[in-house]
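Secondary and tertiary structure notes
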Amino acid sequence: MLTPSELSTLRAFMDCLIPADDWPSAWRNGVGQYLMRQFAGPLRHMLPAYRSALAELDAESVARFSCPFADCGSERQLELLVAIAAGEACPETRNLLPAAASHAAEGYYADPGNGGNPEMTSWRMVGYLLPGEISAP
Amino acid sequence: MAHGWLSLTGRDLGALTGLSRAADAAPEPIQAEYDCIVIGAGAGGGIVACLMAEAGHRTLLVERGSHVAPDPDGGDHLRNQRLSLYGVNAGPSLAENPRVDATGSAPRTVLATDGAWNNNASCVGGGTRVYGAQAWRFHPKDFRMASEYGVPDGSSLADWPITYGDLAPHYERVEWELGVAGDTSSYGYTGSGSRGYPMPPFPVTGSGVPLARGAASLGWETLPPPMLMNTIPYGGRNACIHCRHCVGFPCPVDAKNGVHSTMIPRGLATGLLQLATGAVVREIVTDGKGEVTGVALLEEAYTGANLRSVRARTVVVAAGAIETARLLLNSRSSMHPDGLGNASGHVGRNLQGHYYPSARGLMEEPCWDGVGPGPCIATCRFNHGNPGVIGGAMLCNDFIELPIIFWRNGLPPDVPRWGIENKRWMRENYRRTLQVTGPVQEIPSPNARVELDGSVRDRWGIPVARLSGRTHPETVKTAAAIWERCCEWLRASGASRIWGGPPGLGLSGGQHQAGTCRMGRDPRSSVTDSFGRVHGHQNLFIADASLHVTNGGFNPVLTVMAMAFRIGGFVAAL
Ligand SMILES: Cc1cc2nc3c(=O)[nH]c(=O)nc-3n(C[C@H](O)[C@H](O)[C@H](O)COP(=O)(O)OP(=O)(O)OC[C@H]3O[C@@H](n4cnc5c(N)ncnc54)[C@H](O)[C@@H]3O)c2cc1C
Ligand code: SF4
């Protein structure tokens, strides 16, 4: 569905939306799995918008940092996204941002049945599952 | 993958689940004639159908949706009756059932995943299959709003043709025959003589503790919200196991008392009630004299349109406030060119639901303890007597919110929607946020309407509902005043910051939809009489939220059900 290079850009993009701290980043908590399912289903119509945003992100990253988005490091990724959110670059990515943030959150915080949040990690993180409540596999 | 997190409660869900009861048996063929046909197996229809069968009438209960079973994994957080981003869990089937949203400048065709569709539910049990089950009686003054407040310009505010006293015995029947958990000791306004509730209330949980303290410091009296749920085993069903996804989902242990688990099984046990699922009533049929003789329905709706007519002495419409109006408008004939019951043009007008101002407050310490269903403290102090506005609302804390719903609705406006700050906020504050909210009594407008769309049809070729207009501006004023009270309560409870905001002018229907076929004394200004009998028709009744003249400052279902007991008793005795 997505090329390997598109996938790694998408991964870096999602990990900017929900970065790692002492809890996992978006991608590590299943947002990739969630999106792949959605792109084959109800979010099929969003795929072209994601594709052009990913291409735009890479082009801008190469122009600014001489390096594709996925490889330019989290500080530069963040710097670029902040510029985009402020309307200074990548109009297509900017348009996609609210929806992309929502999709990232859906994968991260919704039930594992939807493909993301495999061990209900985010539920333990926010306290929807209390300490000691571990899923019975 | 089996998540099985519910089993953390240590209960054997296999033994407790109501799944087997919900299984479809081979359908019994629909006969050519019944004593009574009830359309819609929701709150109103389920009760009337049971009472008719118990009184000895051969009754057909027609439901366009199907049975819904609980999900053993807890449920889909993105496709339920509270967050329907990509689907619904209790109907209707999406693409088959469009509606037209004509509230904006360009009418749009919408599906039930769009808020503008105004979905409740479409399945056996209707809204009660997945509801939150707050079981409020309306306030005595809610039945006489025009007398209490006068009629603002442009509104259709009116008194009911019955009083609270007329409904009180029927409220009590719902409370005991379906089962309500609550505490009447502080339920002052219902008057004396009440039998109380059959079950003790839900306990005050973590989030209720600071709110109880806050209310006490303000001098506000509080009470536990009455719930149509079992706090102890009741009626042969289990007690609640306090799960965390109550509202919008079927109960995993059958502790939620909807018509699917109480009145419909009771009716079926008589042998005189037949429930036909997956069957859509297309229109109510009349003869050459304009008298109702039965219905035309599409059987096996999902496999093909097999249109047939079924005769009955009595027809009771309980399809929910939007679909009941649509069905009457679609039942046209030379004698009733504008639809049944619509001689005075009132069918479909006065659509109202509830404005729901909500405020959230951030607490110093976590107060969330994960004990479902969630609402555990309420005040009825502001249902009436709010200076400068009409009516008011009951206030209470809300059901446990799914993390993804909190992400969408719960964050303060200045928290970024992405990045580490967003995540930090989720981490630190999900368990520290309190929510206070209340169903504001709407001031009805005749221009808030259900009509038929001229061009869009459903999968069976039936013209769909077209929703237009707005509530009355007075509703917005009341909502703003109630929102201030929500904030005041949070502040007094120790919230360090408060956010949210009162809603602006719009159309509201949704899960609390009501009012489209008002009852009244005068056929020129109402659709039915005080027993739901459609003016000018001896044998056509309505028994759902459509009848509500006004929708109270409380969640409406106990009133829908009490009205159904009153109407069902009346019709069964005819
Ligand atoms: C998630 C959720 C939470 C809620 N929480 C609360 C709460 O806490 N307290 C409260 O008081 N209320 C609550 N409600 C609202 C409550 O469920 C409704 O007020 C109530 O169900 C309305 O009853 P009704 O009989 O008017 O319609 P419904 O219960 O909607 O029943 C109508 C039925 O008719 C069927 N139907 C429609 N058209 C046709 C047709 N042409 N042919 C055949 N069948 C048809 C529909 O499929 C549906 O099943 C909630 C609702 C939801 C969905
Ligand atoms: S909170 Fe109780 S009544 Fe509600 S769904 Fe869970 S177990 Fe059922």
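Notes on the structure follow. In this convention, every chain numbers its residues from 1, walking through the sequence in written order. Chain labels run from A onward and ligand labels from 1 onward, assigned in the order the entries are written. Local features in a predicted model are, by the rule used here, given only for residues with pLDDT of at least 70; side-chain atom pairs are given and counted only at 80 or more, and totals for whole chains, interfaces and linings are based on all residues. With hydrogens and water excluded, all non-hydrogen atoms of the structure serve as input to the side-chain values.

Counting its regular elements, chain A contains six helices and zero strands. Strands are runs of DSSP state E lasting at least 2 residues, helices are runs of H or I lasting at least 4, and numbering of each runs from the N terminus. The secondary structure elements of chain A, listed N-terminal to C-terminal, are α-α-α-α-α-α. Between the two quantities, the radius of gyration covers C-alpha atoms and the globule rule is 2.2 Å times the number of residues to the power 0.38. The globule rule puts the C-alpha radius of gyration for 137 residues at 14 Å, and the 15 Å found for chain A is close to it. Projected onto the principal axes, the alpha-carbon positions of chain A cover approximately 50 × 30 × 25 Å. A simple rule labels every residue: compare its accessible area, found with a 1.4 Å probe on the protein chains alone, to the largest value its type can have, and call it buried under 20%, exposed over 50%, or partly exposed in between. Each of the 137 residues in chain A was classed as buried or not, and the buried ones make up 55%. Partitioning the intrachain contacts of chain A with sequence separation of at least 6 by distance along the chain shows that 61% fall at a separation of at least 24. We call two residues in contact whenever any of their non-hydrogen atoms come within 4.5 Å of each other.

Here we come to the interface of chain A and chain B. The partner chain B presents 34 residues to the 44 residues of chain A that form the contact. Accessible surface is computed with a 1.4 Å probe, and the buried area is the amount of it that two parts give up when combined, taken over both parts together. Here chain A and chain B share an interface that buries about 3100 Å² over both sides, 63% of which is from carbon and sulfur atoms. Together, Tyr109, Val126 and Tyr128 of chain A form the three largest contributors to the area buried by chain A at its contact with chain B, with a combined 23%. Salt bridge, as used here, is a side-chain nitrogen of Lys or Arg placed within 4 Å of a carboxyl oxygen of Asp or Glu. At the boundary of chain A with chain B, the tally comes to three salt bridges. Of the charged contacts in the structure, one is a salt bridge between Arg427 of chain B and Asp21 of chain A, with a shortest N-O distance of 2.9 Å.

Residue and element names in this part refer to chain B. By this definition, two strands are paired if DSSP reports at least two bridges between them. In space, the four strands of this open sheet follow the order β4-β3-β14-β13, with mixed pairing throughout. The sheet terminates laterally at β4 (108-110) and β13 (449-457), the two strands that pair on one side only. The mean inter-strand angle of the sheet, taken between neighbouring strand axes irrespective of direction, is 40°. Looking at chain direction, strand β3 (residues 99-101) and strand β14 (residues 463-468) are connected through two bridges and run parallel. Paired with Asp101 across the bridge in β14 is Leu467. Each axis is a line fitted through C-alpha atoms, and for a helix only the stretch in contact is used; angles between axes span 0 to 180 degrees, taken between their N-to-C directions. Strand contacts of helix α8 (residues 321-330): β3, β13 and β14, with the helix running at about 65° to β13, the strand carrying the most contacts.

The next point concerns the site of ligand 1. All names here are of chain B. To be near a molecule or strand, a residue needs just one of its heavy atoms within 4 Å of it. Taken together, 38 residues lie near ligand 1, and Glu63, Asn120, Ser122, Gln134 and Val557 sit nearest. Interatomic distance of 2.6 Å between a side-chain N/O atom of Ser122 and an oxygen atom of ligand 1. The term polar contact refers here to a pair of N or O atoms within 3.5 Å; inside protein, the definition further demands a hydrogen-donor-capable atom paired with an acceptor-capable atom, and it admits residues adjacent in sequence only when both atoms are side-chain atoms. Contact between ligand 1 and Val281: a nitrogen atom at 3.0 Å from a main-chain N or O atom of the residue. Methods summary: accessible areas were calculated by the Shrake-Rupley approach with a probe of 1.4 Å, and residue burial reflects only the protein chains presented. When ligand 1 sits alone it has 1000 Å² of accessible area, and the protein chains cover 98% of it. Of all elements in the fold, only α3 (43-54), β6 (280-286) and α12 (557-572) reach the threshold of two or more residues within the shell around ligand 1.

As a further point, take the environment of Pro446 of chain B. All names here are of chain B. Structurally, Pro446 can be placed in the loop between β12 (433-437) and β13. Since its relative accessible area comes to 24%, Pro446 is described here as partly exposed. As for Pro446 and Ser155, which are separated by 291 residues in sequence, their C-alpha atoms are 6.7 Å apart. Filtering out sequence-adjacent residues up to four positions away, Pro446 remains in contact with Gly154, Ser155, Ser156, Arg349 and Asn350.

Attention now moves to the pairing of β6 of chain B. Residue and element names in this part refer to chain B. Relative to strand β7 (residues 292-299), β6 runs antiparallel, the two being bridged by six bridges. When the bridges of β7 are listed, Glu283 appears paired with Ala296. Hairpin remark: β6 followed by β7, antiparallel, with five residues in the connecting loop; positive phi at Gly290, about 90°.

All names here are of chain B. This model, assessed by the stated rule, comprises 31 salt bridges over all chains. A salt bridge links Arg108 to Asp114; the nearest nitrogen and oxygen atoms lie 3.1 Å apart. A salt bridge links Arg466 to Asp453; its shortest N-O distance comes to 3.0 Å. Residue Arg466 is located in strand β14, and its partner Asp453 is located in strand β13; the two are separated by 13 residues in the primary sequence. Residue Arg466 is classed as partly exposed on the basis of its relative accessible area, which comes to 25%. Each of the salt bridges in this network shares a partner with another, and the network as a whole consists of Arg64, Arg99, Glu323, Arg326 and Asp458.

Let's shift gears to the state of the cysteines. Residue and element names in this part refer to chain B. Working definition: a disulfide is two cysteine sulfur atoms within 2.5 Å of each other. Going through the model one piece at a time under the given rule, you end up with zero disulfides over all chains. Just so you know, Cys486 is unpaired, no disulfide at all, and the nearest cysteine sulfur is the one on Cys487, 6.5 Å from it. The buried category is assigned to Cys486, whose relative accessible area is 0%.

We now examine unusual backbone geometry. Residue and element names in this part refer to chain B. Going from Gly91 to Pro92, the amide bond is cis rather than trans, its omega being 0°. Cis geometry marks the peptide bond from Gly372 to Pro373; its omega dihedral reads 0°. Within the secondary structure layout, Pro373 lies in the loop between β9 (358-362) and β10 (378-379).

The next thing to look at is the site of ligand 2. In the vicinity of ligand 2, the contacting residues are Met229, Cys240, Ile241, His242, Cys243, Cys246, Cys251, Pro252, Val253 and Pro373 of chain B. Looking at side-chain class alone, the shell around ligand 2 contains nine nonpolar, one polar and no charged residues. We call Asp, Glu, Lys and Arg charged. Ala, Val, Leu, Ile, Met, Phe, Trp, Tyr, Cys and Pro are nonpolar, and the rest, Gly among them, are polar.

Another point: the packing of aromatic side chains. Residues and elements named next belong to chain A. Only Phe, Tyr and Trp rings take part, Trp by its six-membered ring, and two of them pair if their centres are within 6.5 Å. Stacked means planes under 30 degrees apart, edge-to-face means over 60, and tilted covers everything else. Using the criterion set out here, one finds 18 aromatic pairs over all chains in the structure. Relative to Tyr50, the ring of Phe39 has its centre 5.0 Å away and its plane inclined at 65°; by these criteria the two rings are edge-to-face. Highlighted residues: Phe39 in helix α2 (residues 31-39) and Tyr50 in helix α3 (residues 47-65), separated in sequence by 11 residues. Under the relative-accessibility criterion, Phe39 is labelled buried at 2%.

As a further point, take the sheet that holds β9 of chain B. All names here are of chain B. Across the sheet, five strands lie side by side as β10-β11-β12-β9-β15; this open sheet has antiparallel pairing. Both outer strands of the open sheet, β10 and β15 (497-500), are each paired with one neighbouring strand and no more. Strand direction decides the pairing type here: β9 and β12, joined by five bridges, are antiparallel. When the sheet's bridge partners are listed, Arg360 is paired in β12 with Gln435.

With that settled, consider the side chain of Lys423 of chain B. Structurally, Lys423 of chain B is set in helix α10 (residues 420-429). The contacts of Lys423 of chain B, once residues within four sequence positions are left out, are Ile18, Pro19, Ala20, Asp21, Trp23, Pro24, Tyr108, Tyr109 and Met125 of chain A.

Residues and elements named next belong to chain A. Two elements in contact, α3 and helix α4 (residues 74-85), have axes separated by 11 Å at closest approach and are oriented at 115°. One finds that α3 runs roughly perpendicular with respect to α4. Note on packing geometry: the crossing formed by α3 with α4 is right-handed. Contacts between α3 and α4 involve Leu57, Glu60, Ser61, Arg64 and Phe65 from the former and Arg76, Glu79, Leu80, Leu81, Ala83 and Ile84 from the latter. Of the residues assigned to the contact of α3 with α4, the class counts are six nonpolar, one polar and four charged. Working definition: roughly parallel below 35 degrees, roughly antiparallel above 145 degrees, roughly perpendicular at 65 to 115 degrees, and oblique for all remaining angles. If you view the pair so one helix is near and one far, a crossing is left-handed when the near helix is turned anticlockwise from the far one by less than a right angle, and right-handed when it is turned clockwise.

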